[in-house]
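Analysis of the macromolecular model
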Amino acid sequence: MNKHILRSWIEVDFDRLESNVRNIKNSLPSDVKYIAVVKADAYGHCMPQALVRFLRGGADLFAVANLYEASRVREVVSDKKILVLSPVLKEERPLVFEYGATPALSSYPEAKAFDEFAAKSGRILEAHIKIDTGMGRAGVWHEKADDIVPQILSLPHIKINGMFSHLSSADTDRDYTFKQVEVFKGIVSKYADSGMLLHLHNSAALRYVPIEPPFNAVRMGLVQYGINPFDDGSGFEKLNLLSVLAFKARILALGLRDGKKIGAVCAGYADGVPAGFTSEARVLVKGRMCKILDCVGLDEMYVDLTGVDVKVGDEVTFIGEQEGGQISLSDYSRWTSRIPWETMVAIPRRVARIIK
Ligand SMILES: *Cc1c(COP(=O)(O)O)cnc(C)c1O
C-alpha cells in the first residue's frame, strides 16, 4: 500500500470466488463443461488476477465479449478455449487466430468471410454457431436455422465445435424460457454432432432448466460472483454462494443538522454511487444500518448517524459485511434501481481495488 489511505474502495475476496466456482462445478453432471463468463473485467472482479481462481475452481473454458478481452485472458491462460460471445468486426478477424479464440458465428456472410480468411491463412478455424431463439439480438434467427446452419456447416475451413443460444428472460419468465429451450433442442437435434459443445444455461437457468442431454456445457456469469439473479433470493441454497465483492468508504466529517448527527462520506457519483437512492437505502457504520440522505454529490454524500458512536475516518460499508451487519449487492442494487450486473460493472477507476 502506498502513503495514501483508502477513501473509497472495493474488496474482492478471491477465496470466495474460487469456492463459488468449485461449488457450481461440483453441482454439474461430470460430463458437463463449465464455461466461466469473465467479460467486463470478470464483472468488475479484477482481471487478470481472478483467472487463476477460476482455473483452480474448475473452469473448463472461458467466455468474453470481444477480442480485446480474449487477448487479456490468453496472456494468462494458454490451454483453455476462449469463446467470444459478441460478433467480431471485420478488422478483428485476424486476431481470432492470434489469440486462439473461438468466435460465435451469427450469419452465413460472416461465416463465409471467416472461411475465406482461414483458407488464406492455411488454417482451419474453430467456431460456435449462435442461434437466436428469441432474444432478438445477434445469432442465426431460429426460423432461418434450416437454411443457414447447413450452409455454415458445409464451409471447408471452418470447424463448428459448438452451438449455443442465450436466454433472454430466464430470471423473470419461465414459460418463455422453456419455449427457447425447446426451440434450441429442436435445432441441435438436427444439426449437432457428438463433438460439439451445446450450451444454453446462464446463471438463472441453472435454477430450473434441467442440465441433461443434449446440453453438455453451461455458461456461468453472475452466480460465480455469489449473486442470485432472482429477486426472491432463493433457489441456489445447495451451491452455498458467497458474495465476493464489498464496497466501502470512510466518514469524512461529522456535523449537526436539525438535531440529527450527519456524517459526510467520501464517496459520490464519481465513485459510482448513483445520484438517486430509494428511501430504504442504508449504509453500515459501526455495524448499524444508517439512512442515506438526499443530495449525493460528485465526491461526497451524507448519512444520518444519530445515535451511532462514530469518528471521522471510520469505515462506511455500502456493500458487504461489517460488525455483524450485512448489505448484499442485491439490496444495494435494488436501492439504486439497478440490476446486480450493472452494479458490478459500474465501479469507476477512482475506486481502489483490493484483492483479499
Ligand atoms: C453474459 C452472458 C452470460 C452470463 O449470464 P449470467 O446471467 O451473468 O450468468 C451467458 N451467456 C451469454 C451469451 C452472455 O452474454
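What comes next concerns the included structure.

Parameters and conventions
- Residue positions are given per chain, counting from 1 as you read along its sequence in written order.
- Where local features are concerned, this predicted model is filtered to residues with pLDDT of at least 70; where side-chain atom pairs are given and counted, the filter is 80 or more; whole-chain, interface and lining totals use all residues.
- Computation of side-chain values covers all heavy atoms of the structure but excludes hydrogens and water.
- In DSSP terms, a helix is any run of H or I states spanning at least four residues, a strand is any run of E spanning at least two, and both are numbered starting from the N terminus.
- The definition of a polar contact used here is a pair of N or O atoms within 3.5 Å, where within protein one atom must be able to donate a hydrogen and the other to accept one, and adjacent residues in sequence count solely through side-chain atom pairs.
- Pairing between strands requires that DSSP locate at least two bridges from one strand to the other.

**Some words on the environment of Arg 74**
Tracing the sequence through the fold places Arg 74 in helix H4 (residues 67-76). At a separation of 2.8 Å, a polar atom in the side chain of Arg 74 contacts the main-chain carbonyl oxygen of Tyr 99.

**Re unusual backbone geometry**
Between Met 47 and Pro 48 the backbone carries a cis peptide bond, its omega angle lying at 0°. As for its position among the elements, Pro 48 is in the loop between helix H2 (39-44) and helix H3 (50-57). With an omega of 10°, the peptide bond between Pro 213 and Pro 214 qualifies as cis. Within the element layout of this structure, Pro 214 appears in the loop between strand S9 (197-199) and strand S10 (217-220). The phi dihedral of Asn 240 falls on the positive side, at around 45°, and the residue is not glycine. Here Asn 240 is to be found in the loop between S10 and strand S11 (245-257). In this model, Ser 337 sits at a positive phi of 50°, which is unusual for a non-glycine residue.

**Remarks on the pairing of strand S12 (residues 260-265)**
Where S11 lies against S12, 6 bridges are found, and the strand directions are antiparallel. Bridging across to S12, Gly 255 finds its partner in Ile 262. Taking the residues between adjacent antiparallel strands as the criterion, S11 and S12 are bridged by 2 residues, where Asp 258 takes a positive phi near 50°. With 4 bridges joining them, S12 and strand S15 (residues 301-304) adopt antiparallel strand pairing. Note on S15: the bridge partner recorded for Val 265 is Met 301.

Everything listed is a geometric property; what it means functionally is a separate question.
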